[in-house]
Amino acid sequence: MPKFAKLAVLLSFASSAGIAQELSPRAYWPAPQGTRILTVSYLYSSGDIITDPSLPVVGVDSSLHRAVAGYFHTLSLFGRTSNVVLELPYAWGTTTGEVAGEMRERKLSNIGDLSLTLGINLAGAPNMTREEFRVLAADPRPILAASLKVIAPTGDYEPDKLINVGANRWAAKAEFGYILPLTSDWHFEL
């Protein structure tokens, strides 16, 4: 079966309804052991934005900024390509909305919750040197991977406020990823 036919089959299983998700392109693409990357990202959102839909806030209008400092480090875990990602966000902005019939405004500016992610490639990407990685990049193969992200309640949280930078609770998210190489430059990620 040609690679593009495989892609068509995979896409046929896609749902017609979209669900929002955290998207990190090439999150499971391997890197040589010992790779270290420092990242800084920025996101601006405005409009009807709220992090928790269970909150009794209506008519929400927000202008929010979020910067995230991250550190990525690859290592060998059980002979497989693995990585650890540590991220610390900082958020600032303003949210207005109606709470119990009264218009309120909340200005935010503080550190968010610290997260740690451990990822491991289960199939298709053993632990590699730089030379072995170059061989894989030239002739990629399918990769199956998994990760566990743990978020610690380290961010700013004020219990008397409905909207906060921190969530005031531990959270964990397990994930599986699959990479299907279409060519050496084009990969389909699921």
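Described below are features of the structure shown in this document. (Residues numbered from 1 in each chain as written. Predicted model: local features only at pLDDT ≥ 70, side-chain atom pairs only at ≥ 80, totals over all residues. Heavy atoms only, no water.)

You can see Arg106 is positioned in strand E4 (residues 102–111). Polar side-chain contacts of Arg106 include one of 3.5 Å to the side chain of Glu158. Only 3.3 Å separates the side chain of Arg106 from the side chain of Asn164, close enough to count as a polar contact. Sequence-distant contacts of Arg106, that is, excluding residues within four places in its chain, are made with Gly93, Thr94, Thr95, Glu158, Lys161, Ile163 and Asn164. (Helix = DSSP H or I, 4+ residues; strand = E, 2+ residues; numbered from the N terminus. Polar contact = N/O pair within 3.5 Å; in protein donor to acceptor, adjacent residues only side chain to side chain. Contact = heavy atoms within 4.5 Å.)

Positionally, Asn127 belongs in the loop between strand E5 (115–123) and helix H2 (130–138). Considering only alpha carbons, one finds Asn127 and Phe78, 49 residues apart in sequence, at a separation of 8.7 Å. Every residue in contact with Asn127, bar those within four places of it in the chain, is listed here: Gln33, Leu75, Ser76, Gly79, Arg80, Thr81 and Glu132. Side chain to side chain, Asn127 and Gln33 meet in a polar contact 2.5 Å long.

So, on to the side chain of His187. Examined against the element boundaries, His187 turns out to sit in strand E8 (residues 187–189). Of the residues examined, His187 reaches a relative accessible area of 16% and is grouped as buried. In contact with His187, not counting residues within four places along its chain, are Arg26, Trp29, Pro140, Ile179, Leu180, Pro181 and Leu182. (Buried < 20%, exposed > 50% of the residue type's maximum accessible area, 1.4 Å probe, protein only.)

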